[in-house]
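A structural walkthrough
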Amino acid sequence: MAKIERTRNATRNIIFGVILKAYQIIVPFLMRTAMIYLMGVQYLGLNSLFTSILQVLNLAELGVGSAMVYSMYKPIAEDDEVTICALMKLYRTYYRVIGLVIAVVGASLTPFIPKLISGEVPSDINLYILYLLNLAATVLSYWLFAYKNSILQAHQRTDIVSKVTLVTNSIQYVLQIFVLWAFKNYYFYVIVMLATQAITNVATAVAADKLYPQFSPMGKLPKQEISKINGRIRDLFTSKIGAIIVNSADTIVISAFLGLTALAVYQNYYFILTSIIGFVTIVFSAVTAGIGNSLVVETKEKNFKDLNVFTFIICWISGFCSCCFLNLYQPFMELWVGKDLMLDFSIVICFVIYFYVCEVNQLLNTYKDAGGIWHEDRFRPLVTAIANLGMNLVMVQFWGLYGIILSTVLSMLLVGMPWLFHNLFTTMFEKKNMRKYLVSLAFYVLISIVASVISVFVCDFINFGLWVTLIVRFIICLIIPNVVFLIVYSRRSEFKQSVLLVNKMLHGKLDFIVKKVNM
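Below: a short report on this structure. (Residues numbered from 1 in each chain as written. Predicted model: local features only at pLDDT ≥ 70, side-chain atom pairs only at ≥ 80, totals over all residues. Heavy atoms only, no water.)

On to the packing of aromatic side chains, then. Applying the stated rule across the entire model yields 37 aromatic pairs. Relative to Phe 495, the ring of Phe 312 lies with its centre 6.3 Å away and its plane at 80 degrees, an arrangement referred to as edge-to-face. Taken together, the residues Phe 312 in helix α11 (residues 300–337) and Phe 495 in helix α17 (residues 493–505) connect sequence positions 183 residues apart. Residues Phe 312 and Phe 495 agree in their burial class; the two are buried. When the ring of Phe 332 is compared with that of Trp 336, the centres are 6.2 Å apart and the planes differ by 40 degrees; the resulting orientation is tilted. Of the two residues, Phe 332 and Trp 336 both sit in helix α11, 4 residues apart, roughly one turn of that helix. A relative accessible area of 26% places Phe 332 in the partly exposed class. Each member of the aromatic cluster is reached from another via a ring pair, and the members are Tyr 266, Tyr 269, Tyr 270, Phe 325, Tyr 329, Phe 351, Tyr 354 and Phe 355. (Phe/Tyr/Trp six-rings, centres within 6.5 Å; stacked < 30°, edge-to-face > 60°. Helix = DSSP H or I, 4+ residues; strand = E, 2+ residues; numbered from the N terminus. Buried < 20%, exposed > 50% of the residue type's maximum accessible area, 1.4 Å probe, protein only.)

So, in structure tokens, the structure goes:
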């Protein structure tokens, strides 16, 4: 049986993932700034709207990617090359069909696009042409060797994808900056994205072939195995619908009820939030395949201990990030876009609550995906999403952007997460451990709130020039929450196990800290 080096692969994936994510935040941030000042804020609203519409069309994917990668965990652990090749062939067939479905359905929706926008649209924009260009980029992402990604993901080699994306994104951003500066033409901007999508897919496929030349799409799976995979895909369909509604409903509802300018202002804040979420997501992406492998070869007790350690790490990171958001968001936004494009601090608090809930929810979903319990969880995402959409449509009319954010948080807290806890602890872990886990999670949340209140109280006294305020407040945010966490958590077993895990990932470079922790 092949043994995947989970810690080594996770470390490599996190390192290259962080490098890529930093790059994907800084450069698009600069381009977003350039678009605000060169093209106007409404173009940002258009870009966000089309992204959300195409996410809805991605329902056609049906969760095929997750199901296929999960199906590869066992044959990879057993060195079963024949089955892996047959899975790749099936994956290729499914993605070709998916691309065709998206193309046909997406094209048929073209006449209805203007109805999703409230208020004015930039005069030099033809919505139909712009929409079809974005649709073409989505279809192309499925047709050009998309199935090759599965072999890299299942082997925990997403660092390869990160390296390829780093290069192709560089090409894209250089060309797009040139287009904005020289032509101020949004059509050219989108066409560049279309071209680099093709380059990314082809380059990733070449890298996958070079690293794993023994795997190619050939052979045929037994009908029984195909039936199991199709069953997983059916179970993932409701999950996919739920995720799409939650991720896209906010943007579409804001556009339809409040207009492109309000959407652009909201998206400026959301861009910063999701950039940080993206960094934390690197950790989840890096360890998902390792968790899947662990669930196959390790005991329930070992996996429950791992869950506790990951929860501790995520709550520490989320608590620290929450302090930073509360104290740095507003001065940064004023420096970036000016007071005219800022939201109230109360909405910032809503964003922070959303962030913390989202991170814990993402950890639980990582375990759900790694364990493949989509059948048991098939109705939860859809019910949660319907609750979110219903509250969105009602609350936006009374409270505007407040209603949009709060509806998402409430749907996760009141519907999604309790249900997900139940599903995880009745299928993957011992049910008796759920109460113990929830008590620990509640404790972490409480300590995060305490650290946030203290940091906000201290930072309120820091109001100098914007740059000085940002720097001083950031230093305070580095110190206060981490000191609070260290004092409170230092004797917990999860803290000690986390230090051991990080030390292992860093190849023993924290040995001196490990010795002190274990004293």
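With 26 residues, helix α8 (residues 186–211) should cover 38 Å at 1.5 Å per step; its first-to-last C-alpha distance of 38 Å lies within 8% of that length. For α8, every residue scored as buried is listed here: Tyr 186, Tyr 187, Tyr 189, Val 190, Val 192, Thr 196, Ala 198, Thr 200, Asn 201, Thr 204, Ala 205 and Ala 208. (Expected span 1.5 Å × (residues − 1).)

One pass over the full model with this rule turns up 3 salt bridges. Of the charged contacts in the structure, one is a salt bridge between Lys 302 and Asp 306, with a shortest N-O distance of 2.8 Å. A residue pair is termed a helical-turn pair when its members lie 3 or 4 positions apart in one helix, as Lys 302 and Asp 306 do in helix α11 at 4 residues. On the basis of relative accessibility, which here comes to 32%, the residue Lys 302 falls in the partly exposed class. For Glu 494, the salt bridge goes to Arg 492, with nearest N and O atoms at 3.5 Å. Given the relative accessible area of 22%, Arg 492 is considered partly exposed. (Salt bridge = Lys/Arg side-chain N within 4 Å of Asp/Glu carboxyl O.)

Moving on, we get to helix α5 (residues 127–143). End to end, α5 covers 25 Å across 17 residues, agreeing with the expected 24 Å (1.5 Å per residue, within 8%). For α5, the complete set of buried residues consists of Leu 127, Leu 130, Tyr 131, Leu 133, Asn 134, Leu 135, Ala 137, Thr 138, Val 139 and Tyr 142. Following α5 by one or two positions, Phe 145 has its phi on the positive side, about 55 degrees.

Position of Ile 317 among the secondary structure elements: in helix α11. With 165 residues separating them along the chain, Ile 317 and Asn 482 place their C-alpha atoms 9.4 Å apart.

Each pair of packed helices can be described by the angle between their axes along with the distance between the axes. Where helix α4 (residues 81–108) contacts α5, the axes come no closer than 8 Å and their chain directions differ by 170 degrees. Overall, the two elements α4 and α5 adopt an arrangement that is roughly antiparallel. Listed contacts from α5 to Tyr 95, Arg 96, Ile 98, Gly 99, Leu 100, Ile 102, Ala 103, Gly 106 and Ala 107 of α4 are Tyr 131, Leu 135, Thr 138, Val 139, Tyr 142 and Trp 143. Its residues assigned to classes, the contact of α4 with α5 shows 11 nonpolar, 3 polar and 1 charged. (Axes fitted to C-alpha atoms, helices over the stretch in contact; angles between N-to-C directions. Parallel < 35°, antiparallel > 145°, perpendicular 65-115°, else oblique. Contact = heavy atoms within 4.5 Å. Nonpolar A, V, L, I, M, F, W, Y, C, P; charged D, E, K, R; others polar.)

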